[in-house]
Each structure stands twice: as C-alpha cells, then as structure tokens.
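Here's the letter readout for the chains.
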Amino acid sequence: MRGQPAKLVGPSEMRALIAWSKRSRLPHRNQVIVLLSFRAGLRACEIAALDWSMVLTASGKIGPSIELPGWAAKKGSGRRIPMHPDLAQVLRQLANKADLVGAVILSERRSRMSAKTIVNWFARVYSDLGLDGCSSHSGRRTFITHAARLIHKAGGSLRDVQQLAGHKSLTTTQSYIDGDATAQRKLMRLL
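Quick caveat: nothing in here was measured; it's all calculated off a predicted structure.

Caption draft 1: Broad picture of the side chain of Gln162. Among the structural elements, Gln162 can be located in helix 7 (residues 158–165). In this structure the side chain of Gln162 is engaged in a polar contact, spanning 3.1 Å, whose partner is the backbone oxygen of Lys168. In this structure, Gln162 is in contact with His167, Lys168, Ser169, Leu170 and Thr173, ignoring residues within four places of it in sequence.

Caption draft 2: Quick peek at the environment of Gly139. Within the secondary structure, Gly139 sits in helix 6 (residues 138–150). Here the alpha-carbon distance between Gly139 and Met14, two residues 125 residues apart in the chain, equals 9.2 Å. Ignoring anything within four residues of it in the chain, the contact list for Gly139 reads Ser37, Phe38 and Tyr126.

Caption draft 3: Local environment of the packing of aromatic side chains. By the definition in use, this model includes three aromatic pairs. Between Trp20 and Trp121, the aromatic rings sit 5.8 Å apart at their centres with planes inclined by 80°, giving edge-to-face as the arrangement. Of this pair, Trp20 sits in helix 1 (residues 11–23) while Trp121 is found in helix 5 (residues 115–128), placing the two residues 101 residues apart along the sequence. On the basis of relative accessibility, which here comes to 12%, the residue Trp20 falls in the buried class. Ring centres of Trp121 and Phe122 lie 5.0 Å apart, and the angle between their planes is 85°; this geometry places the pair in the edge-to-face category.

The rules behind these values
- Residues numbered from 1 in each chain as written.
- Predicted model: local features only at pLDDT ≥ 70, side-chain atom pairs only at ≥ 80, totals over all residues.
- Heavy atoms only, no water.
- Helix = DSSP H or I, 4+ residues; strand = E, 2+ residues; numbered from the N terminus.
- Polar contact = N/O pair within 3.5 Å; in protein donor to acceptor, adjacent residues only side chain to side chain.
- Contact = heavy atoms within 4.5 Å.
- Phe/Tyr/Trp six-rings, centres within 6.5 Å; stacked < 30°, edge-to-face > 60°.
- Buried < 20%, exposed > 50% of the residue type's maximum accessible area, 1.4 Å probe, protein only.

Encoded structure:
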C-alpha cells in the first residue's frame, strides 16, 4: 500500500454506511457494494467484475461462497470466499430485482460499473457521512484486520486470512492489519 493506509471503519461508522445505503435510490445494490467490501474483503476492481455466476449455485440460488476467478481479481488472485449471512441476505433481495445474468453491480443506467466508478462511489458516500481518511480500500482493510483479530476463535491462522484476502504473500496481508493498543495492554497482563 502506498502513502497513508485507508482508515479502518468502526461499528458505528459501519451502521451509518448501511443506514445511508438503505435510504439511497438503489438501496439493495448499495448495501451489496458496502458488504462486498466489508464482509467479503473485495477490492473495487473485484466488486466491479463480480458476476452473478460467481455468487449463484447451478439452481440459481445464492451460493455458500463467492467464487472469484483469477481474471476478476488483482494479480490473478482468484479465490473462494465463504458467503457472509448479511451479504447473502442483501444479494437475495437484489437478485429479486435483477436478471441474474452478467454484472451484479449495475449503474442506474443498468450497465456494469467500472472499478473507478466504485472508488468514486465510496469517496462520495464517505464524504456525505463525514468519514475523513476513508477510501474504497477501507472496507477491505477493516475486513482483513477484523479477520486477523478473530481467526483464532475459528481455529485458523493468518494463512487463512491471507487466502481470503487473495494475497500471494503473508507480508502483504500483515501490512493491512492494524494494531490494537487495548489488546496489547491485555496481552501484557496475561504474560
């Protein structure tokens, strides 16, 4: 990552993002954009490339995972991402209004949104909410940091977080993870 890393988004800010999305002109689409970033860790280019075939089962239902092929991911880092329940729910709502063919995320004119348009969309939303320092990468960075903090509860390791993020190097994954001073103080008391 270059320059200042994208700001992490806390629970109250996340609630504000979802509330904003629900009040918007395209509430289901906008909630899906937010949750693809925060609950699946997708990059803007991956959100833009996401196709219904990547989230649907053969029977046309929302699947248990996002099947992101290498061509749709940065540096060919295709991967399978288990579907978060909140994301599955809003994808079902969006699917009820969609053709289920082609791009999941469409513009108001019903064309595929570009990665740059997704980046600009996040910039506008964060500006509207007064969330300084946030960017389209804030959701991904928040996802990776939270996953790293919770992975021990799932019996996993940072390698699992690396695979979910689609990073070739654990060093790259580590650069996304924000430290937590409170956790560090608690750790010192346990030693």
